[in-house]
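Fold and geometry: a report
As a plain string of letters, each chain reads:
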Amino acid sequence: MRVLTWFGGFLILAVAAAAVASTVRPNVRPVASIQPQAAVGGFALPQGLIPSPSPTPLPVKAVTAAPPTHPAPVPARAPARPKVTVSSTQQALINQDRARYHLAPLTWNSCLATVARAEAAKLATPGVAFQHYDGVSRDLTCHLGHQVGENIGWWSGGVNDSQLNTMFMNSPDHKANILGPYRYVATAWKVRSDGRAFIAVEFG
């Protein structure tokens, strides 16, 4: 979790990965807050629990043989990426971020959009704590793969995609979701009666 000063106010960046949510309870009223969450295979795994595997060198053999008399088989083609459909400003900004890192863009997914709308609406409900709920669990029901993620945030001045995208990219765990091994994304904003706007970004 990180707290960054932003033009005299406070931005609270709360990060959760592998379905572990964290929350900040500031002593001062924050101007904005964000949280990411990711899940693998539907199981909640704390960050750093599974180390990255180290490659094991394979033995090298020198083989001599006559060249084959039949043509070599054509390797199977990788599955085609879906046509990229952009349906929100936040998605367009996410794809710009990914392009800077030479990553494929994420296309819009209507199932994830349903989850994002529900999550944003829940967060914007008066009296509801700002935290992850069941977004990543419902992302998995979209059957887009075994890895899903969620970034959530709010901004006191209403909908502001560029501000939230900057906040997400300045937080390592939010950035990890944006640059993660996903193919799909959906985003939704919900503005509360006091003008505070809540965003949910779902990855699959």
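Residues numbered from 1 in each chain as written. Predicted model: local features only at pLDDT ≥ 70, side-chain atom pairs only at ≥ 80, totals over all residues. Heavy atoms only, no water.

**Concerning the nonpolar core**
Within soluble globular proteins, side chains that are nonpolar generally end up buried alongside one another. To be explicit about the condition: Among the buried residues, those of types Ala, Val, Leu, Ile, Met, Phe, Trp, Tyr and Cys that are joined through side-chain atoms within 4.5 Å form a nonpolar core. Note on exposure labels: buried denotes an accessible area under 20% of the residue type's maximum, exposed denotes more than 50%, and partly exposed covers the range between, all computed with a 1.4 Å probe on protein chains only. By definition, any uninterrupted DSSP run of H or I lasting at least four residues is a helix, any uninterrupted run of E lasting at least two residues is a strand, and each is numbered from the N terminus.
Formed by 15 residues in total, the largest nonpolar core has its most connected members in I94, L164, F168, I178, V201 and F203. For this core, the element with the highest residue contribution is helix α4 (residues 161-169), accounting for four residues.

**With respect to the packing of aromatic side chains**
Stated precisely, the cut-off is as follows: Stacked, edge-to-face and tilted labels apply to pairs of Phe, Tyr and Trp rings (six-membered ring for Trp) whose centres lie within 6.5 Å, assigned for plane angles under 30 degrees, over 60, and everything in between, in that order. Geometrically, a charge over a ring is one whose NZ (Lys) or CZ (Arg) sits within 6 Å of the ring centre while staying within 35 degrees of the ring normal.
Counting across every chain of the model gives one aromatic pair. Ring centres 5.2 Å apart and planes at 25° place the aromatic pair Y182 and F203 in the stacked group. On the criterion of sequence distance, the pair formed by Y182 in the loop between α5 (172-178) and β6 (184-191) and F203 in strand β7 (residues 197-203) is long-range, its members being 21 residues apart. Judged on exposure class, the residue Y182 and its partner F203 are both buried. Of note, K122 hangs over the ring of Y133, and the distance from its end group to the ring centre comes to 4.5 Å. Its end group placed over the ring of W154, R196 keeps NZ or CZ at 3.7 Å from the ring centre.

**Structural notes on the pairing of β6**
Applied cut-off: Note: two strands are recorded as paired if DSSP finds a minimum of 2 bridges between them.
Both strand β4 (residues 107-108) and β6 contribute to a ladder of two bridges, which runs parallel. Directly across from W108, in β6, lies its bridge partner V185. Sheet topology places β6 next to β7; seven bridges connect them, and they run antiparallel. Bridge pairing links T187 to V201 in β7. Counted between consecutive antiparallel strands, the loop separating β6 from β7 contains five residues, among which G195 sits at a positive phi close to 95°.

**Topic: the state of the cysteines**
In a disulfide, the sulfur atoms of two cysteines are held together by a covalent bond. We count it as follows: Here, a disulfide means two cysteine sulfur atoms that sit within 2.5 Å of each other.
Inspection of the entire model under this criterion finds one disulfide. Between the sulfur atoms of C111 and its disulfide partner C142 the distance amounts to 2.0 Å. Between C111 and C142, the S-S torsion sits near -85°, and that sign places the bridge as left-handed. Of the two residues, C111 sits in helix α2 (residues 110-123) while C142 sits in the loop between α3 (135-140) and β5 (147-155), which places them 31 residues apart along the sequence.

**So, the side chain of N177**
Formally: We call two N or O atoms a polar contact when they sit within 3.5 Å, provided that within protein one can donate a hydrogen and the other can accept it, with sequence-adjacent residues counted only if both atoms are side-chain atoms.
One can find N177 in helix α5. Residue classification places N177 among the buried positions, given a relative accessible area of 4%. Of the polar contacts made by the side chain of N177, one reaches the side chain of Y182; its length is 3.2 Å.

**Quick notes on the packing of helix α1 (residues 89-100) against α4**
Where we set the bar: Every axis corresponds to a line fitted to the C-alpha atoms, with the helix fit spanning only the stretch in contact, and the corresponding angles, defined between N-to-C directions, vary from 0 to 180 degrees. We call two directions roughly parallel when the angle between them is under 35 degrees, roughly antiparallel when it is over 145, roughly perpendicular when it lies between 65 and 115, and oblique otherwise. Working rule for handedness: look at the near helix, and if it is turned counterclockwise from the far one by less than a right angle, call the crossing left-handed; if clockwise, right-handed. Only heavy atoms enter the contact rule, under which two residues are in contact if any of them lie within 4.5 Å. Amino acids outside the nonpolar list (Ala, Val, Leu, Ile, Met, Phe, Trp, Tyr, Cys, Pro) and the charged list (Asp, Glu, Lys, Arg) are all regarded as polar, and Gly is one of them.
Across the interface, α1 lies against α4 with an axial gap of 9 Å and an inter-helix angle of 40°. Accordingly, the angle class assigned to the pair α1 and α4 is oblique. α4 is crossed by α1, and the crossing has right-handed handedness. Seen from α1, the contacting residues are T89, Q90, L93, I94 and D97; seen from α4, they are D161, S162, L164, N165, F168 and M169. Considered class by class, the residues forming the contact of α1 with α4 number five nonpolar, four polar and two charged.

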